[in-house]
Amino acid sequence: MLQPFDDNYFMKKALQEAEMAFEKGEVPVGAVIVVKNRIIARAHNLTEKLHDVTAHAEMQAITAAANFIGGKYLKDCTLYVTLEPCQMCAGALYWSQISRIVYGASDPQRGYVALGTQIHPKTVVEKGVLENEAGELLKRFFIQKRNLN
C-alpha cells in the first residue's frame, strides 16, 4: 500500500520551488498542488521574469493544476505554499474551491488574513508548516537585495 506523505514532505517541495525563485532574483515563494498524494503542479514567483504582477507562485500553480485536471475547480486538492497568500491569490483560491491550503510563513502586512480577505468556507487552512525555513529564505533574500542596492 502506498504510504501517504506528510505536510512537511510537500512543503519541502514548495521550498525547493522557492529556492528556484531566489536563484532567479524573484521573491522566494514556491508552491505545489497535490491531489491523492501526487504533485500535479509546481510553481514559483515569476513576476520579474514575466513582467507580470499576477505571476505569483500560487497563481502559476492554480493554472497548472487546472490544466492538469481539465477543469477550473480544485476540489480534493491541497496547495502547499511557503508564504501566506496575498489577497489576489486568496481570491483566486476562493474561486478555485481548493479543499486545503497549507502555508509556511505568515505575512502580517500583505497576507490575506491581515487584509480580511475571505477563503472559500469549505477550504481548510493550516499555517506554520516549516515556517522557520520559509521565513529564513525570505529574510536572506531581502538582506541580499538591500546589500545590492
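- Per an unreviewed UniProt entry, the protein chain goes by the name tRNA-specific adenosine deaminase and belongs to Euzebyella marina.
- Recorded under Subunit (unreviewed entry), the UniProt text for the protein chain is reproduced unchanged: "Homodimer."
- The protein chain has a UniProt comment under Sequence similarities (unreviewed entry) that states "Belongs to the cytidine and deoxycytidylate deaminase family. ADAT2 subfamily."

**A few points about the side chain of His44**
Alright, step 1. As for its placement among the helices and strands, His44 is situated in strand 2 (residues 38-44).
Alright, step 2. Within polar-contact distance, the side chain of His44 engages the side chain of Glu17 at 2.8 Å.
Alright, step 3. There is a polar contact of 2.9 Å between the side chain of His44 and the side chain of Lys24.
Alright, step 4. When neighbours within four sequence positions are excluded, His44 is seen to be in contact with Glu17, Met20, Ala21, Lys24, Val29, Gly30, Ala55, Ala57 and Gln60.

**What to know about the UniProt feature "domain: CMP/dCMP-type deaminase" (unreviewed entry) in the protein chain**
Alright, step 1. As annotated in UniProt, the feature "domain: CMP/dCMP-type deaminase" (unreviewed entry) corresponds to residues 5-115 in the numbering used here.
Alright, step 2. The span residues 5-115 shows a helical share of 43% and a strand share of 23%, and its end C-alpha atoms are spaced 32 Å apart.

**Comments concerning the layout of surface pockets**
Alright, step 1. Volume-wise, the largest pocket comes out at about 640 Å³.
Alright, step 2. Looking at the lining of the largest pocket, the elements with two or more residues in it are helix 2 (47-50) and helix 6 (131-148).
Alright, step 3. Looking at the lining of the largest pocket residue by residue, the class counts come to 11 nonpolar, 7 polar and 9 charged.

**Considering the packing of helix 3 (residues 57-69) against helix 4 (residues 87-96)**
Alright, step 1. Contact geometry of helix 3 with helix 4 gives a least axis separation of 9 Å together with a crossing angle of 20 degrees. In terms of orientation, helix 3 and helix 4 fall into the roughly parallel class. When the axes of helix 3 and helix 4 are compared, the crossing they make is left-handed. Within the contact between the two elements, helix 3 uses Glu58, Met59 and Ile62 and helix 4 uses Met88, Cys89, Ala92 and Leu93.

Cut-offs used in this document
Residues numbered from 1 in each chain as written. Predicted model: local features only at pLDDT ≥ 70, side-chain atom pairs only at ≥ 80, totals over all residues. Heavy atoms only, no water. UniProt positions renumbered as here; feature names shortened; annotations may be inferred. Helix = DSSP H or I, 4+ residues; strand = E, 2+ residues; numbered from the N terminus. Polar contact = N/O pair within 3.5 Å; in protein donor to acceptor, adjacent residues only side chain to side chain. Contact = heavy atoms within 4.5 Å. 1 Å grid on protein atoms, 1.4 Å probe; cavity = no way out; pocket = protein on both sides within 12 Å on 5 of 7 lines; lining within 4 Å. Points joined across faces, edges and corners; volume = space filled by probe spheres on them. Nonpolar A, V, L, I, M, F, W, Y, C, P; charged D, E, K, R; others polar. Axes fitted to C-alpha atoms, helices over the stretch in contact; angles between N-to-C directions. Parallel < 35°, antiparallel > 145°, perpendicular 65-115°, else oblique. Left-handed = near helix turned anticlockwise from the far one by under 90°.

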